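Coordinate analysis (summary)
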Amino acid sequence: MSTAQNPIQIQGVSLESIAEEFGTPVYVYDGKKIVSQVKILQEAFSEVPLKIKYATKALSNVSVLKLMKKAGAGVDAVSIEEVQLGLLAGFEASEIMYTPSGVSFEEIQDAVNLGVMINLDSIPLMRQFGKEYGSSVPACIRINPHIMAGGNIKISVGHKASKFGISIEQLSEILEVVKEYDLKIEGLHLHTGSDILDAEVFLKGANVLFEAAFNFPDLRFIDCGGGFKVAYKPEDISTDIMEVGKKVSAAFQAFCKEYGRQLELWLEPGKFLVSECGLLLVKVNVVKKTPTITFAGVDSGLNHLIRPMLYDAYHGVYNLSNPSGPLETYHVVGYICETDTIASNRELNEVRAGDILVIKNAGAYGFSMASNYNSRLRPAEVLVWEGKAQLIRKRETFEDIISNQVIIDL
Ligand SMILES: *Cc1c(COP(=O)(O)O)cnc(C)c1O
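Residues numbered from 1 in each chain as written. Predicted model: local features only at pLDDT ≥ 70, side-chain atom pairs only at ≥ 80, totals over all residues. Heavy atoms only, no water.

The next thing to look at is the layout of surface pockets. Over the atoms, a rolling probe the size of a water molecule traces out where space has been left empty. If you add up the space inside the largest pocket, you get close to 790 Å³. Forming the boundary of the largest pocket are 28 residues, of which Ala4, Gln5, Asn6, Pro7 and Lys360 lie nearest the centre. Within the residue set of the lining of the largest pocket, elements represented by two or more residues are strand 1 (9-10), strand 15 (317-319) and strand 17 (341-349). For the lining of the largest pocket, the leading source of residues is strand 17, giving four residues. A class-by-class count of the residues in the lining of the largest pocket yields 13 nonpolar, eight polar and seven charged. Two domains each donate at least three residues to the lining of the largest pocket, and these are domain 1 (9-23 + 278-362 + 364-402) and domain 2 (31-274). (1 Å grid on protein atoms, 1.4 Å probe; cavity = no way out; pocket = protein on both sides within 12 Å on 5 of 7 lines; lining within 4 Å. Points joined across faces, edges and corners; volume = space filled by probe spheres on them. Helix = DSSP H or I, 4+ residues; strand = E, 2+ residues; numbered from the N terminus. Nonpolar A, V, L, I, M, F, W, Y, C, P; charged D, E, K, R; others polar. Domains from an automatic or database assignment.)

Next up, the structure:
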């Protein structure tokens, strides 16, 4: 049975047919869902001049980036390679924000040459940038507002001990450097991390930027980063985006009035736009009963989806092939020689070897964090768009695994 929670098709294309046509494991993305998430955000912030900069690192397939462009979003890139992906997808350089973290100055220069906005994330970088470009290249400054967002220290990046951004407590030094090199600062930025639940957390960060903003006369935008929470478990609360939009927009407009100019509000959502659109389809290789536990061993693992092992992330799982089978409790595990539990203690309809299991919320930080550990091939990616399932990345082959190896004579 197809339910909203456990779909058996996307836009009329059955998941079973996708697994059959493209094989498993395979990442499947619902393009319509991506576009509708962009629309929801645009609607929630319709009171302000909003620019959405999609956080490419969440899911960096060029076809997905093209879809983002179609939907009216721009790009947030965290590496020069992501900048290049954005350009390849057809974005103008002016639509791309580059937020590096401790990269070489050569990479910064390359990004400037490509014409994208640079988000300066340290005082030494501000100085180097100032020496090289002075006021000729406008830039943005990443502020660390010292706020703990969410409960997970691994994904919270705006707290005091975080490596990201420049401490708000160093504002006077920032201003000295701006003055010394006549830097043209067009934006202030923060990104507190991936677990923002309500408007209050969001506004706490935004207010830090609003207050600092009065020291920067050339601002064009305020960038409040990403981190909107989406539901992973059925009982999870997700960010009430309409409420956040309403409250943050009101605060932003009040700030702009005081600042004396209408600025743009930039947001950099990753998870919010692509988490729920993605499913990872895997096949059960073995059902192994021990005296206490039943394992469902699948043809995937932490090499394809590392979030459960890296972040203790919860991903919903259901059995596509046996929807009316009796419920039993399973540990869903991968085929990697390492503990790679995808889901533990889950009630699933009876799992049999050969069944297809669906892993949910796999769009964000799924494929983009996949590796070749155990010399395994990375999966294919399929985008369903306008009722058609299309391959957007081929499954790797053994040749891909060895293509950069230089095999020497010994
Ligand atoms: C990762 C990241 C984001 C997106 O975070 P989500 O939790 O996926 O919304 C936005 N901005 C920057 C700078 C990031 O590093």
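With that out of the way, let us pick up empty space enclosed by the protein. This structure, assessed with the given rule, holds one cavity of 30 Å³ or more. Looking at the largest cavity, its volume works out to about 30 Å³. Together, Leu190, Thr192, Ile196, Val201, Phe202, Gly205 and Cys224 line the largest cavity. A breakdown of the residues in the lining of the largest cavity according to their chemical character gives five nonpolar, two polar and no charged.

Direction vectors running N to C along helix 5 (residues 105-114) and helix 6 (residues 123-133) enclose 50°, while the axes themselves pass 11 Å from each other. Between helix 5 and helix 6, the angle falls in the class oblique. The handedness of the crossing between helix 5 and helix 6 is right-handed. Between helix 5 and helix 6, the contacting residues are Phe105, Ile108, Gln109 and Val112 on the first element and Leu125, Gln128, Phe129, Glu132 and Tyr133 on the second. (Axes fitted to C-alpha atoms, helices over the stretch in contact; angles between N-to-C directions. Parallel < 35°, antiparallel > 145°, perpendicular 65-115°, else oblique. Left-handed = near helix turned anticlockwise from the far one by under 90°. Contact = heavy atoms within 4.5 Å.)

Moving on to a nonpolar patch on the surface. On the surface, a cluster of nonpolar side chains totalling about 430 Å² of accessible area is made up of Val406, Ile408 and Leu410. Positionally, Val406 belongs in the segment after helix 12 (398-402). (Patch = residues over 30% accessible without salt bridge, like charges linked within 9 Å, V, L, I, M, F, W, Y side chains within 5 Å. Areas by Shrake-Rupley, 256 points an atom, 1.4 Å probe, with all protein chains shown as cover. Salt bridge = Lys/Arg side-chain N within 4 Å of Asp/Glu carboxyl O.)

Moving on, we come to the pairing of strand 20 (residues 388-393). Bridging between strand 19 (residues 380-385) and strand 20 involves five bridges; their strand directions are antiparallel. Bridge pairing in strand 20 links Trp385 to Lys388. (Pairing = 2+ DSSP bridges.)

What the domain assignment lists for the protein chain is domain 1 (9-23 + 278-362 + 364-402) and domain 2 (31-274). Computed over C-alpha atoms, the centres of domain 1 and domain 2 are 32 Å apart. Between domain 1 and domain 2, the residue contacts involve 19 residues of the former and 22 residues of the latter. Taking both partners together, domain 1 and domain 2 bury about 1,800 Å²; carbon and sulfur atoms supply 58% of that area. Of all residues in domain 1, Tyr314, Tyr365 and Trp385 bury the most surface against domain 2, accounting for 32% of the area lost on that side. (Buried area = accessible area lost by both parts, 1.4 Å probe.)

Interhelical geometry of helix 4 (residues 80-88) versus helix 5 gives an angle of 15° and a closest axis separation of 10 Å. As judged from the angle between their axes, helix 4 and helix 5 are roughly parallel. Seen along the crossing, helix 4 lies across helix 5 with a hand that is left-handed. Contacts from Ile80, Val83 and Leu87 of helix 4 reach helix 5 at Glu107, Asp110, Ala111 and Leu114. Looking at the contact of helix 4 with helix 5 residue by residue, the class counts come to five nonpolar, no polar and two charged.

Moving on to the environment of Ile141. Within the secondary structure layout, Ile141 lies in strand 8 (residues 139-144). Accessibility expressed as a relative area gives 0% for Ile141, which makes it buried. As a C-alpha pair, Ile141 and Gln253 span 112 residues in sequence and 21 Å in three-dimensional space. With residues near it in sequence (within four places) discarded, Ile141 still touches Asn119, Leu120, Met126, Ile166, Ile174, Val178, Ile185, Gly187, Leu188, His189 and Phe216. (Buried < 20%, exposed > 50% of the residue type's maximum accessible area, 1.4 Å probe, protein only.)

For the coordinates displayed, the defined rule picks out 12 salt bridges. Between Lys184 and Glu186 there is a salt bridge, with the nearest N and O atoms lying 3.2 Å from each other. Looking at Glu186, the relative accessible area reads 9%, which means it is buried. In the salt-bridge network here, residues are joined through shared partners; they are Lys184, Glu186 and Arg220.

A cis amide bond, omega -10°, links Thr24 with the succeeding residue Pro25. If you trace the backbone, Pro25 turns up in the loop between helix 1 (15-22) and strand 3 (26-30). A positive phi angle is found at Gln11, which is not glycine, with a value near 50°. Here Gln11 is to be found in the loop between strand 1 and strand 2 (13-14).

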